[in-house]
Amino acid sequence: MTLPRSALGASPPGGRHQQPGEAGSAVAPVLEAHDITVRFGGLVAVDAVSASFSPGELVGIIGPNGAGKTTFFNAISGVQVPTSGRLLTNGRDLTGKGPHRYAANGLARTFQTPRVFADLPVLANIEFGLKFAGRRPRKYWLWGDEKDVPWALRDAQSVLAVIGLSAQAAMPAGAITPSQQRLLEIGMALATRPRLLLLDEVAAGLTEAEIEEMARLIRRLRDELDLTVVWIEHAVTTLLRHVERVIVLHQGRKIADGTPREVVRNPDVIEAYLGDEMADAAVYGAADAPAEGAPA
Ligand SMILES: Nc1ncnc2c1ncn2[C@@H]1O[C@H](COP(=O)(O)OP(=O)(O)O)[C@@H](O)[C@H]1O
Ligand SMILES: [Mg+2]
């Protein structure tokens, strides 16, 4: 399946991403998870979770610690083979396949603890993703050019420019700040030229201003690179301001899946996770209906 390319991509703007709600049944989901269950001995970490992600969606996943968020990511990226359930990417059944097969089908992820090559320069970390992982169109190898790849992701320097780390290109990855390492990890994921980007707590440990900046970057990546993005984050209020849909996990189960406004009003979600005060704060910033006087 070829997605339309926009601003930073190979084709002119206009073929913008699908808005949630107008995601008609005609558009094949980028990823479908059917009744995914992951057991660790007696513990059911993920309990029959189904979810579908359409092209161009920006979806948040929230839930208390231990809710199964990371395990769900591991299952849908091939890192953890689910105990039961089925996984389809672009309609292809990849259940039981390894991470490289998911990567080859356009899926990229970051890890809760950043995994960068600390001794290698920042630029070389990006080159690794570009050369050895993900979608490797033959043409790219032969001629250094590929029509289907957004120009912003064609080489390591341009990927660094997208994530704002050009000035750090020559520094060892271990020597840049933790927040820069998180950006670098996103860059390494982007270098595999994904269609679906899974982000696991990329804003953890960042200051409030940095979290907001990260959220804007994530939105920009989705908009300009025609990505589908699924974003796990603890900074719930920021997340709810930026995503169009949010899935709530609690004790391995999916207890809600809807717009931020719907989800923060869901009594089960308030009881299990948000609490009344948090829900009030979150409603104020919910992305689908900006409050009056709120910054646009
Ligand atoms: N490899 C593992 N072996 C055993 N238990 C695990 C493993 N990974 C996660 N768990 C358990 O599964 C549950 C869900 O964990 P996790 O997916 O990391 O939650 P979250 O990311 O929502 O905080 C937790 O109870 C955790 O201790
Ligand atoms: Mg986690």
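None of the values given here were measured: they were computed from a predicted structure.

A word on the packing of helix H5 (residues 156-163) against helix H6 (residues 178-190)
Working step 1: One can describe the packing of H5 onto H6 by two numbers: an axis separation of 9 Å at closest approach and a directional angle of 135°. If you check the angle between H5 and H6, you find them oblique. Crossing of H5 over H6 shows right-handed handedness. Where H5 approaches H6, its residues Val159, Leu160, Val162 and Ile163 are matched on the opposing element by Leu183, Ile186, Gly187 and Leu190.
Working step 2: For the contact of H5 with H6, a count of residues per class yields 7 nonpolar, 1 polar and no charged.

Focus: the sheet that holds strand S3 (residues 58-62)
Remark on secondary structure: sheet strands pair via backbone hydrogen bonds, oriented parallel or antiparallel.
Working step 1: Within the open sheet, the 6 strands sit side by side as S6-S7-S8-S3-S9-S10. Their pairing is mixed. One side of each edge strand has no neighbouring strand; the edge strands of this open sheet are strand S6 (107-109) and strand S10 (253-258). Strand-to-strand twist in this sheet, taken as the mean axis angle between neighbours without regard to direction, amounts to 15°.
Working step 2: Judged from the 5 bridges that link them, strand S7 (residues 196-200) and strand S8 (residues 228-232) form a sheet pairing that is parallel. Opposite leucine 197, over in S8, you have valine 229 as the bridge partner.
Working step 3: Against the sheet, helix H7 (residues 208-225) makes contact with S3, S7 and S8, and its axis sits at roughly 160° relative to S8, the strand it touches most.

Some details on the sheet that holds strand S2 (residues 43-53)
Working step 1: Strand order in the open sheet formed by 4 strands is S2-S1-S4-S5, and the pairing between neighbours is antiparallel. The strands lining the two open edges of the sheet, one partner per strand, are S2 and strand S5 (92-93).
Working step 2: Bridge count between strand S4 (residues 84-89) and S5: 2 bridges; the pairing is antiparallel. Note on S5: the bridge partner recorded for leucine 88 is aspartate 93.

Quick notes on the pairing of S8
Working step 1: Where burial is concerned, most of S8 is hidden: 5 out of the 5 residues are buried.
Working step 2: Every second residue of S8 is oriented toward a common face, with Thr228, Val230 and Ile232 on one face and Val229 and Trp231 on the other, all of them buried.
Working step 3: As paired strands, S3 and S8 are joined by 4 bridges and run parallel to one another. Bridge pairing in S8 links leucine 58 to valine 229.

As for unusual backbone geometry
Working step 1: Positioned with a positive phi, arginine 193 is a non-glycine residue whose angle comes to about 55°.
Working step 2: Note on placement: arginine 193 falls in the loop between H6 and S7.
Working step 3: Of note in this structure, glutamate 201 is not a glycine but carries a positive phi near 55°.
Working step 4: Here glutamate 201 lies in the loop between S7 and H7.
Working step 5: Glutamate 201 sits in the partly exposed class, given 19 other C-beta atoms within 10 Å.

So, the nonpolar core
Working step 1: One finds Val159, Val229 and Val248 to be the most contacted residues of the largest nonpolar core, which totals 76 residues.
Working step 2: When residues of this core are sorted by domain, at least three fall in each of domain 1 (27-106 + 195-286) and domain 2 (115-193).
Working step 3: Setting aside its immediate chain neighbours within four residues, valine 159 contacts Ile126, Leu153, Gly187, Leu190 and Ala191.

Some points on the site of ligand 1
Working step 1: Neighbouring ligand 1 are Phe40, Leu43, Ala45, Gly63, Asn65, Gly66, Ala67, Gly68, Lys69, Thr70 and Thr71.
Working step 2: Its residues assigned to classes, the shell around ligand 1 comprises 4 nonpolar, 6 polar and 1 charged.

Remarks on H7
Working step 1: Its 18 residues give H7 an end-to-end C-alpha distance of 25 Å, which sits within 8% of 26 Å, the value for a rise of 1.5 Å per residue.
Working step 2: The complete set of buried residues in H7 reads Ile211, Met214, Ala215, Ile218, Leu221, Arg222 and Leu225. Down the axis of H7, the buried side of the element spans an arc of 135°, and every buried residue falls inside it. Summarising the geometry of H7, the exposed residues directed more than 90 degrees from the buried face are Ala209 and Arg216.

Analysis parameters
Residues numbered from 1 in each chain as written. Chains lettered and ligands numbered in written order. Predicted model: local features only at pLDDT ≥ 70, side-chain atom pairs only at ≥ 80, totals over all residues. Axes fitted to C-alpha atoms, helices over the stretch in contact; angles between N-to-C directions. Helix = DSSP H or I, 4+ residues; strand = E, 2+ residues; numbered from the N terminus. Parallel < 35°, antiparallel > 145°, perpendicular 65-115°, else oblique. Left-handed = near helix turned anticlockwise from the far one by under 90°. Contact = placed C-beta atoms within 7 Å. Nonpolar A, V, L, I, M, F, W, Y, C, P; charged D, E, K, R; others polar. Pairing = 2+ DSSP bridges. Buried ≥ 20, exposed ≤ 12 C-beta atoms within 10 Å, placed from the backbone. Core = buried A, V, L, I, M, F, W, Y, C linked by C-beta atoms within 7 Å. Domains from an automatic or database assignment. Near = placed C-beta within 6 Å. Expected span 1.5 Å × (residues − 1). Arc of directions from axis to C-beta.

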